[in-house]
Amino acid sequence: MTLFKSRKDLLYLAIFALVIFAMPLWLKPFGAGYPDLMQRFAIFGVFAIGFNILFGMTGYLSFGHAAFLGAGSYAAVWSFKLLSLNPVPALLFATLVGGVFAALVGVVSLRRSGIYFSILTLAFAQMSYSLAYSVLMPITHGDSGLQLASSDPRVLDRLFGADGTLPNLFGFSMHGMYGFYFCALILIGCFYFSMRLDRSPFGMALRALKSNQTRMSYTGFNTKPYARTAFIISGMYAGLAGGMLAVTDPLAGAERMQWTASGEVVLMTILGGAGTLLGPLIGAVIIKYFENIFSAFHPGRLYETFSFLPEGVQNFFVTIISPFVGEGWHLTLGIMFMLIVIFLPGGIMEGGKRIASALRNRRASGRHLQSRQFEPAE
Amino acid sequence: MNFRSVDRRRFLKTTAIAGAGLAMPTIFTSASRAQEFCNAPTGSSVVFGFSVPLSGPYADEGADQLRGYELAVQHINGEGDGGMLNTFKGSVLKGNGILGKKVEFVSGDSQALADAGRATSNRMIERDGAIMVTGSVSSAEAIAVQSLCSDKGIIYMAGLTHSNDTTGKDKRRNGFRHFFNAYMSGQALAPVIVDAYGSDRRAYHITADYNWGWSQEESIVEATERLGWETAERVLTPLGTSDYSQWLTPVANSGADVLVLNHYGNDMANALTQAVQFGLRDRQANGKNFEIVVPMFSDLNAQAAGEAVEGILGTANWMWKLEDEGTQAFVRSFGQAYGQPPSQSAHTGYVQALLYANACEMAGTFNPEGVVEVLEDFEFDGLGDGPTLYRGGDHQCFKQVLVVKGNDDPADRFDIQNVHQVVDAEQVTYEPDKWGGELGPVRSQC
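Quick look at the structure, then. Quantities reported herein were computed from a predicted structural model and do not represent experimental measurements.

## Looking at the packing of aromatic side chains
Across all of its chains, the model carries 38 aromatic pairs over all chains by this definition. Here the aromatic rings of Tyr183 of chain B and Tyr430 of chain B are separated by 5.2 Å at their centres, their planes lie at 80°, and the arrangement is edge-to-face. On the criterion of sequence distance, the pair formed by Tyr183 of chain B in helix H5 (residues 182-197) and Tyr430 of chain B in the segment after helix H13 (425-428) is long-range, its members being 247 residues apart. Put simply, the rings of Tyr129 and Tyr133 of chain A together with Tyr58, Tyr210, Trp212 and Tyr264 of chain B touch in pairs and so form one group of aromatic residues. Above the plane of the ring of Trp78 of chain A lies Lys81 of chain A, whose end atom (NZ or CZ) is 5.7 Å from the centre. Directly above the ring of Phe44 of chain A sits Lys288 of chain A, whose terminal nitrogen or CZ lies 4.0 Å from the centroid.

Dropping the structure here:
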């Protein structure tokens, strides 16, 4: 079996992998080249790519995806507590839990489509959040979050005499840069899988489902299994992402399941470009960047930045900019989101495509002109 | 190259080599970064990290806490009038920074959530090289950030966090809390309300349904029942509720004559305002005036509740109306800088920053091992809360607790409450291992 459908895909993946692995280099000038944030880029990238399989390809807008993320986190932390601090069983367990949970929610939610589906998933997510917050205290530890303790059983670790207090892959700490490369590998794997899915007959069926479910069923397809499979795959991605969150930072809290977290992944996907392969990842990076970097500016920092200007002008600039940074980062993100939705309904990917095609046209027309100019007359 | 010839084996081989090659530089950097302790300052300055909520329901408290921190940094560096640095007994700070290094700071929005708090703290530790992280307005974030800092080998000075767990079952050797807790509120408040309303009361509890709410309810129930009260009913409400009418309606016919609202933040403001609008306070029950008690008062949210606060008893960690010289010095310099009195959130932040700075100066190092040694069982005075002990057994401060009462005739929007009674530290002291948990070892390596 060949791994790639076309040479273009191979090149695409190779460049993708290179850009991801080189993140520490090119993110540094933006102030984002530190392990924790890059891990988050990769993790929420996986989450958004998985969400896109359901929303972008299949056309089901789930408003409760954070429930699977949270379930994955809890599963991974429990695996750390009971089995081993090794991330591999934790991630397998998290993915499995995400998938099973999605299958259960899917049984009910997928009976409807459109807005009703969205509301059903939202209801499930809020239910999971409330359960995790108070009812399931013994499993989730409520609002103070599920944490590791030195008294955890860790059956496998005890068996093999492995020690350590934090998640590690055979001694490599999952904090810091190793954690990032670990997440980056998973991200590339997930990206490859979604690319294969997109190019496969199954992906075609999902797109058919999106464009017109009724028509598809009239052509003899049973649409239900397709939607259900897409939902489960997407839930597994979310569970995996939740597990990765726990691997890099072994704590699981109920707030991961809140509807705001579900909304965030919708924003990520739309911002980057729903239905495109790369778009959701770009959206995830932008939103996490704003959340972590823009929120950290405070007026003192701004005064420093504009210190080269005369005082009056400096004050003017700081006054203008300060509502949009620090606590105002939501405002900036909101404005950007509005602008993109209004002018680029296909997200940032559409912007990229427009620029690319404009360049191509110009070059093409330029060549055309040139050839006309220099072609000798008959 | 013919792409058809790229089989699985070759693909794996190539990516493995490429991956290893790209990961190579980090091995060198991590080895070359070996240092005595995490983020050891090398230049002429040292960085503090302030992780406070600037958005979400606790944004007001977070913003005020940040003001407290900024003021503390100024005073440690010898700028401004020095504030409580002048009244801080037990201090060796000279107003020239810490160990001759100037203090700088970075800040971030923790959204009062565990995940966001850890993300922003991670940024300050990994990117900005913060030597210490401080700040919180919810216990969820405080506990989460405390365990993160402990794993990362730096010191965490908790901000506003009132849950017993922070220095109870989730305590860490690298984490310290100046703020009081739910248990202390119960111990301080119970005798005062029994004294004020009589010892034959029946209490109806409406409680926010999460860790803090339960522990608050538990401590009040336990302390009041010991003094003769009965508990009529204990009802849980979801966090973030805006309409409490369905929970308030049954109160009137429950046979209870006191309503205890175990809520905080906006929930407290909503529940209290609605309870008063319901006319509960104008009622008579069992031949007595119906009373409302709010065990934990947020001064900033009391402003939101407005007139409903009048005459309501509750507890506070500190209040700007206290008359000791520490408080007065702090209120004066805070007022000069920001034109308003500080909240208890700003106060605890300011004090924590000063305590950390002083501990480094006394230890002669920023190494967490030295700092922890100094702070454990450290005794001090003059920071607005009277004589205080930083107990070594659980890293909790033991000091006076204020019982506050809503002001009947406020002069302005900051004049919401008065100090009703100051409860001594002995009355609220408990055993360090009351809730289990263990401090574990000091961590100082990244």
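## Comments concerning the state of the cysteines
Residues and elements named next belong to chain B. Under the defined criterion, the tally for this structure stands at zero disulfides over all chains. We note that Cys360 lacks a disulfide partner, and the nearest cysteine sulfur, in Cys38, lies 14 Å from it. In this structure Cys360 comes out as buried when scored by relative accessible area, which is 0%. This cysteine, Cys397, is not joined by any disulfide, and Cys360 carries the nearest cysteine sulfur, 16 Å off.

## Notes on empty space enclosed by the protein
Going through the model one piece at a time under the given rule, you end up with six cavities of 30 Å³ or more. As a volume, the largest cavity reaches approximately 150 Å³. Considering the residues around the largest cavity, the lining is formed by 13 residues, among which Asp299, Gln303, Trp320, Pro342 and Phe414 of chain B are closest to the centre. Among the elements that make up the lining of the largest cavity, the one with the highest residue count is helix H9 (residues 299-305) of chain B (three residues). Split by residue class, the lining of the largest cavity holds seven nonpolar, four polar and two charged. The residues that make up the lining of the largest cavity include at least three from each of domain 1 (45-180 + 320-399) and domain 2 (183-316) of chain B. By volume, the second largest cavity amounts to about 60 Å³. Lining the second largest cavity are Asp36, Gln39, Arg40, Ile43, Leu245, Thr248, Asp249 and Arg256 of chain A together with Asp115 and Arg118 of chain B.

## Observations regarding the packing of helix H2 (residues 59-76) of chain B against helix H11 (residues 344-363) of chain B
All names here are of chain B. Orientation of H2 relative to H11, taken along the N-to-C sense of each, is 35°, at an axis distance of 7 Å. In terms of crossing hand, the pair formed by H2 and H11 is right-handed. Contacts between H2 and H11 involve Glu61, Asp64, Gln65, Gly68, Tyr69, Leu71, Ala72, His75 and Ile76 from the former and Ser345, Ala346, Thr348, Gly349, Tyr350, Ala353, Leu354 and Ala357 from the latter. Residue composition of the contact of H2 with H11, by class: nine nonpolar, six polar and two charged.

About the cut-offs
- Residues numbered from 1 in each chain as written.
- Chains lettered and ligands numbered in written order.
- Predicted model: local features only at pLDDT ≥ 70, side-chain atom pairs only at ≥ 80, totals over all residues.
- Heavy atoms only, no water.
- Phe/Tyr/Trp six-rings, centres within 6.5 Å; stacked < 30°, edge-to-face > 60°.
- Helix = DSSP H or I, 4+ residues; strand = E, 2+ residues; numbered from the N terminus.
- Lys NZ or Arg CZ within 6 Å of the ring centre and 35° of its normal.
- Disulfide = S-S within 2.5 Å.
- Buried < 20%, exposed > 50% of the residue type's maximum accessible area, 1.4 Å probe, protein only.
- 1 Å grid on protein atoms, 1.4 Å probe; cavity = no way out; pocket = protein on both sides within 12 Å on 5 of 7 lines; lining within 4 Å.
- Points joined across faces, edges and corners; volume = space filled by probe spheres on them.
- Nonpolar A, V, L, I, M, F, W, Y, C, P; charged D, E, K, R; others polar.
- Domains from an automatic or database assignment.
- Axes fitted to C-alpha atoms, helices over the stretch in contact; angles between N-to-C directions.
- Left-handed = near helix turned anticlockwise from the far one by under 90°.
- Contact = heavy atoms within 4.5 Å.

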